[in-house]
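The primary structure of each chain is shown beneath.
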Amino acid sequence: MGYLRRASNTFRLPKLRSLLYASSEFIPLSVINRANPIESRLSCTQFGWNHHAFCSHSRQNSKDNANCIDLSQYPTERIRNFSIIAHVDHGKSTLADRLLELTGTIKRGHGQPQYLDKLQVERERGITVKAQTATMFHDHKFQGTNAIDAQEPVGFLLNLIDTPGHVDFSYEVSRSLAACQGALLVVDAAQGVQAQTVANFYLAFESNLAIIPVINKIDQPTADPDRVKAQLKSIFDLDPNDALLTSAKTGQGLEHVLPAVIERMPPPPGNCNSPLRMLLLDSYYDEYKGVICHVAVVDGTLRKGDKISSAATGQSYEVLDVGIMHPELTPTGVLLTGQVGYVVSGMRSTKEARVGDTLHQSRSIVEPLPGFKPVKHMVFSGVYPVDGSDFEALNHAIERLTCNDASVSVTKESSTALGLGFRCGFLGLLHMDVFHQRLEQEYGAHVISTVPTVPYIFEYSDGSKVQVQNPAALSSNPKQRVTATWEPTVIATIIIPSEYVGAVITLCSERRGEQLEYTFIDSQRAFMKYRLPLREIVVDFYNELKSITSGYASFDYEDSDYQASDLVKLDILLNGQPVDAMAAIVHNLKAQRVGRDLVEKLKKFIDRQMFEIIIQAAIGSKVVARETVSAMRKNVLAKCYGGDVTRKKKLLEKQKEGKKRMKRVGSVDIPQEAFHELLKVS
Ligand SMILES: Nc1nc2c(ncn2[C@@H]2O[C@H](COP(=O)(O)OP(=O)(O)OP(=O)(O)O)[C@@H](O)[C@H]2O)c(=O)[nH]1
C-alpha cells in the first residue's frame, strides 16, 4: 500500500509535493485522476462522427500530411495531450522518438538521435533543456463491446510534450503540464525511482493529470521491473498492473503505449462554443516570421486572419499563420478547442509574448486563464560582453534568447571592472551554463559571467531591508551598518543506495544542512530530506554528492524559507584595486577558506605579465588571503625546442585567440576562464 502522510485534516493538492513524508499520518494516494475509457468511447459515438472521414496519417511522413490535415476531424474527444516526464536519462527523448516513428511523424532511422532535442546544447550535453511539442496522428481500434468501435479504427490527434529531467528545468516541466491531461512517468527498469521521478510525479499529480507509469530500458541485463513496480506502489500508490514495460531502444512493448494514452487519459476539457481562449505556452524568435508562439487552445476556435489580443498587454494582432508542430511547423489554417499548435501574429519583441498570457479574440472579453506561477530565480550572475563595444549586440542576443527561455530575468547593470552588462536571474547553475552556451552558439555572443550569487536579504541600521542579487551593490555608506542578514534555503530530496548514507550525512552537515527525514524506500535505497542553504548547493554540491556515492545518488530540491545567517562580503583586489565583478557574499565561518581558495585559483589563471600582480581577498579592510604573480610574459614557445615553424605559429595564434577573451581590469589582463573557475570555489 502506498502512502502519503497527511499534515492536517484538510488535504490540499498544491501542497502535496512539499508534504511528501512530512508528517505522521498516512493517507492512500488513490485519488489519481484516470480517464474513463468507456466514457470517451461513448462520447465519440454520441457525437456521431464519421469514422471514415480521416486521412490515414499513420504511415505517412509529415510533408505528405501537410496537405490533407483537416483538424475539424479532431474534436476534443479525439485529442490527447500528454507529457513524458522522468528522472534525467531514464529515456524520455528516446521514447518520444520511437512514438514519432511509430506514428509515421518522422521517418524510422531519421539519422538524428533524439529528434526533439533540437538545440545544439541539448545534443552536445545529451540532455533536454527545452520542452518540445509534436503532434502525431494515430488510428486506434477499441477492443470494447461496442460493435462499431470494435470494427473501425478511430483517428486520434496526439500532442506529445517531451520535457527536461534536470531539476533546473522543472519550471519547463510544470509549464508543459499545463497543456496536458496526462503524463507518461518513465522510470529506468534498473535504476528505479529517483529524486526527479518523485518531483515530476508530484508536479503531474498536483496538476490532476492521469499518470501512466512506463518502466523503460527493460532490455538492460540489470533491469528489475518487479522491484520498480513495488517502488511505484509503495511511493506513489500506483497500481503495478497499470505499468507498461518498454524498451525504447529495442522497441519492445512500445505498441502498448499509445493505446494506453488514448484509453486511460481524458480528452482536453474546454468548450468549442465559448469565445476563444488560448494559453501562451512558449515562444521563440524567427528571423523571418518574428515571434512564433506555442499555444494551447482552451476554448473556442482560432483561424488564420482572426484579430486576437493579449490579456496581459492589451495589444492586438492579426493571425498571419496558424498550425501544428508535426513535428515541424505545419500550417493548418485553424486550431480548435483542445488543440496545441503555433501562431504567428506579427509580434516583434519578447516583451509582447508573455509566457502564461491568455490570447483571445479582440472583439470578445474573456476571463484570463490562471497562467503560471511566477518563476523563482535561484542564482543571479552578471553577464558582460568580452569586448565592451559588443554591448548592443549582446543586448539584442539576450532579448532574442529570453523569448525562448522566459525563465531568465534580465536587468541592466554596470561594473567598474567589466563595463556595461546585465544582471540575470537563473533557475540554477546548469541553467546559467546552458544560457551562456546558447548565447554563444545561437547568437555568437562571447560573454564573461561574474560569480553567481543567491538572493540574500540584508537589514541596515536605518531599518531598511534589501534583497541583494549583486554583492557589488551592497551599500558602502558607513552610516548604513548591516544589522542582520538572511539567506534562502531549499528542501533537498536525496535518494541513495543504503551503503552511502554515512557519506551523504557527512556532506550535508559540512554544507550546514539540517536533516528533516530519513527513511527507506525499499531494502536497498534510502530516502533523505534536508534543509540546506541554497548557496551551499548551487556551488558544486551535486558533483560532490555524485562522487561520494559513485554516481548513484539522485537529487532534487525545491525552494523554502529564508533563515537568519552570519554573512559577510568578500572582496577580491588586484594590485590593491577591488574587482567588483569578483566580489562574493559568504558565510562568516567560511570566509577565510573561500578567500584563500579564490586567490589561489586566480593565481593559476592569471598569466605572468610585465609587472608583479598582487591578488588579495579582504573582508572590509581586513585582508584574509594573498598571493603574488611575479612579473614576466608567459612564453608559450618555451617547450617548443627548434622543430616545425607551423607548430610555433599555431601556438602563437592560440595565444592571440586567448587574448581576445581577456578582460583588462586596471592594468591586469584576466582570462575569461578565471571568472568561470571562481564559480566553483565561492
Ligand atoms: N538500454 C537502453 N537504453 C536506453 C533506452 N532508452 C533510452 N536509452 C538510452 O539512455 C540514454 C538517455 O536517454 P534519453 O532519451 O536522452 O533520456 P532523457 O530522459 O530524455 O534524458 P534528459 O532529457 O537529459 O533527462 C541514451 O543513451 C539512450 O540511448 C532503453 O530502452 N534501453
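Heads up: these notes are all about the structure in this document. (Residues numbered from 1 in each chain as written. Predicted model: local features only at pLDDT ≥ 70, side-chain atom pairs only at ≥ 80, totals over all residues. Heavy atoms only, no water.)

### Structural notes on the overall build of the chain
(1) Moving on: In terms of regular secondary structure, the chain is built from 18 helices and 35 strands.
(2) Moving on: Here the chain holds 682 residues, and 55% of them are scored as buried.
(3) Moving on: Counting contacts in the chain only where the partners sit at least 6 residues apart, residues at least 24 apart contribute 71% of the total.
(4) Moving on: Carbon and sulfur atoms provide 50% of the accessible area of the chain, an area that totals close to 28800 Å². (Helix = DSSP H or I, 4+ residues; strand = E, 2+ residues; numbered from the N terminus. Buried < 20%, exposed > 50% of the residue type's maximum accessible area, 1.4 Å probe, protein only. Contact = heavy atoms within 4.5 Å. Areas by Shrake-Rupley, 256 points an atom, 1.4 Å probe, with all protein chains shown as cover.)

### Some words on helix α11 (residues 391-404)
(1) Moving on: Between its first and last C-alpha, α11 extends 20 Å over 14 residues, near the 20 Å set by a 1.5 Å rise per residue.
(2) Moving on: In terms of burial, α11 is a largely internal element, 10 of the 14 residues being buried.
(3) Moving on: Residues of α11 that are buried: F391, L394, N395, A397, I398, R400, L401, T402, C403 and N404. (Expected span 1.5 Å × (residues − 1).)

### What about the environment of I495?
(1) Moving on: When you line up the elements, I495 lands in strand β25 (residues 482-497).
(2) Moving on: Residues I495 and Q577, spaced 82 residues apart in sequence, show a C-alpha to C-alpha distance of 46 Å.
(3) Moving on: What I495 contacts, discounting residues up to four positions off in sequence, is V193, Q194, A195, V198, I521, R525, A526, F527, Y552, A553 and S554.

### Here we look at the environment of V383
(1) Moving on: With respect to the helices, strands and loops of the structure, V383 is situated in strand β19 (residues 379-385).
(2) Moving on: Separated by 64 residues in the primary sequence, V383 and V447 have C-alpha atoms spaced 6.3 Å apart.
(3) Moving on: Look past the residues within four positions of V383 in its chain and what remains in contact with it is L394, I398, G421, F422, C424, H436, L439, V447 and I448.

### Overview of the pattern of salt bridges
(1) Moving on: Under the criterion given, the structure shown has 19 salt bridges.
(2) Moving on: One salt bridge in this structure joins D188 and K217, with 3.5 Å as the shortest N-O distance. With D188 in strand β6 (residues 182-188) and K217 in the loop between β7 (210-216) and α9 (225-236), this residue pair connects regions lying 29 residues apart in the sequence.
(3) Moving on: A salt bridge links E514 to R531; the shortest N-O distance between them is 3.7 Å. Of this pair, E514 sits in strand β26 (residues 514-520) while R531 is found in strand β27 (residues 525-533), placing the two residues 17 residues apart along the sequence.
(4) Moving on: When salt bridges that share partners are traced, they join E487, R512, E536 and K590 into one network. (Salt bridge = Lys/Arg side-chain N within 4 Å of Asp/Glu carboxyl O.)

### Concerning the packing of aromatic side chains
Each aromatic ring pair is characterised by the separation of its centres together with the angle its planes make.
(1) Moving on: In this structure the tally under the stated criterion is 14 aromatic pairs.
(2) Moving on: Arranged with centres 4.9 Å apart and planes meeting at 90°, the rings of F201 and Y202 form a pair that is edge-to-face. Across the pair, exposure class does not vary: F201 and Y202 are buried alike.
(3) Moving on: Here a set of aromatic residues connected by ring pairs shows up, and it is made of F201, Y202, F205 and F236.
(4) Moving on: Cation over ring: K465 sits above W486, and NZ or CZ is 4.6 Å from the ring centre. (Phe/Tyr/Trp six-rings, centres within 6.5 Å; stacked < 30°, edge-to-face > 60°. Lys NZ or Arg CZ within 6 Å of the ring centre and 35° of its normal.)

### Structural notes on unusual backbone geometry
(1) Moving on: Here H326 and P327 are connected by a cis peptide whose omega angle stands at -10°.
(2) Moving on: The residue P327 is located in the loop between β14 (321-325) and β15 (329-331) in this model.
(3) Moving on: Phi is positive for N208, which is not a glycine, with a value near 65°.
(4) Moving on: Looking at where N208 falls in the secondary structure, it is placed in the loop between α8 (195-206) and β7.
(5) Moving on: Among the residues examined, N208 registers a relative accessible area of 42% and is labelled partly exposed.
(6) Moving on: For D237, which is not a glycine, the phi torsion comes out positive at approximately 60°.
(7) Moving on: Among the structural elements, D237 can be located in the loop between α9 and β8 (244-245).

### Details of the nonpolar core
Buried together is how nonpolar side chains tend to be arranged in soluble globular proteins.
(1) Moving on: Within the largest apolar cluster, 47 residues are counted, with the highest numbers of intra-cluster contacts made by L439, I494 and F541.
(2) Moving on: It is α11 that provides the largest number of residues to this core, a total of 5 residues.
(3) Moving on: In contact with L439, not counting residues within four places along its chain, are V383, L394, A397, I398, L401, G444, A445 and V447.
(4) Moving on: Counting residues in hydrophobic clusters, the runner-up holds 41 residues, among them F201, L238, L281 and I521. (Core = buried A, V, L, I, M, F, W, Y, C linked by side-chain atoms within 4.5 Å.)

### Considering the packing of α11 against helix α12 (residues 429-443)
(1) Moving on: Running from N to C, α11 and α12 cross one another at 110°; their axes reach a closest spacing of 10 Å. With respect to each other, α11 and α12 are oriented roughly perpendicular. Between α11 and α12 the crossing geometry is right-handed. Together, L394, A397, I398, R400, L401, T402 and N404 of α11 and F435, R438, L439, E442 and Y443 of α12 make up the contact between the two elements.
(2) Moving on: Grouping the constituent residues of the contact of α11 with α12 by class yields 7 nonpolar, 2 polar and 3 charged. (Axes fitted to C-alpha atoms, helices over the stretch in contact; angles between N-to-C directions. Parallel < 35°, antiparallel > 145°, perpendicular 65-115°, else oblique. Left-handed = near helix turned anticlockwise from the far one by under 90°. Nonpolar A, V, L, I, M, F, W, Y, C, P; charged D, E, K, R; others polar.)

### A look at the sheet that holds strand β21 (residues 419-426)
(1) Moving on: Ordered by their spatial adjacency, 4 strands build an open sheet running β20-β21-β19-β22, and the pairing between neighbours is antiparallel. Each edge of the sheet is formed by a strand with only one pairing partner; in this case those strands are β20 (409-415) and β22 (447-449). Taking each pair of neighbouring strands and ignoring which way they run, the sheet shows an average axis angle of 30°.
(2) Moving on: Of the pairings in the sheet, the one linking β19 to β21 comprises 5 bridges and is antiparallel in character. Directly across from V383, in β21, lies its bridge partner F422.
(3) Moving on: Of the strands in this sheet, β19, β20, β21 and β22 are in contact with α11, which crosses β21 at around 15°. (Pairing = 2+ DSSP bridges.)

### Quick look at the side chain of S554
(1) Moving on: With respect to the secondary-structure elements, S554 resides in strand β28 (residues 554-565).
(2) Moving on: Within polar-contact distance, the side chain of S554 engages the side chain of Q194 at 2.8 Å.
(3) Moving on: If sequence neighbours within four positions are ignored, S554 has contacts with H87, Q194, A195, T493, I494 and I495. (Polar contact = N/O pair within 3.5 Å; in protein donor to acceptor, adjacent residues only side chain to side chain.)

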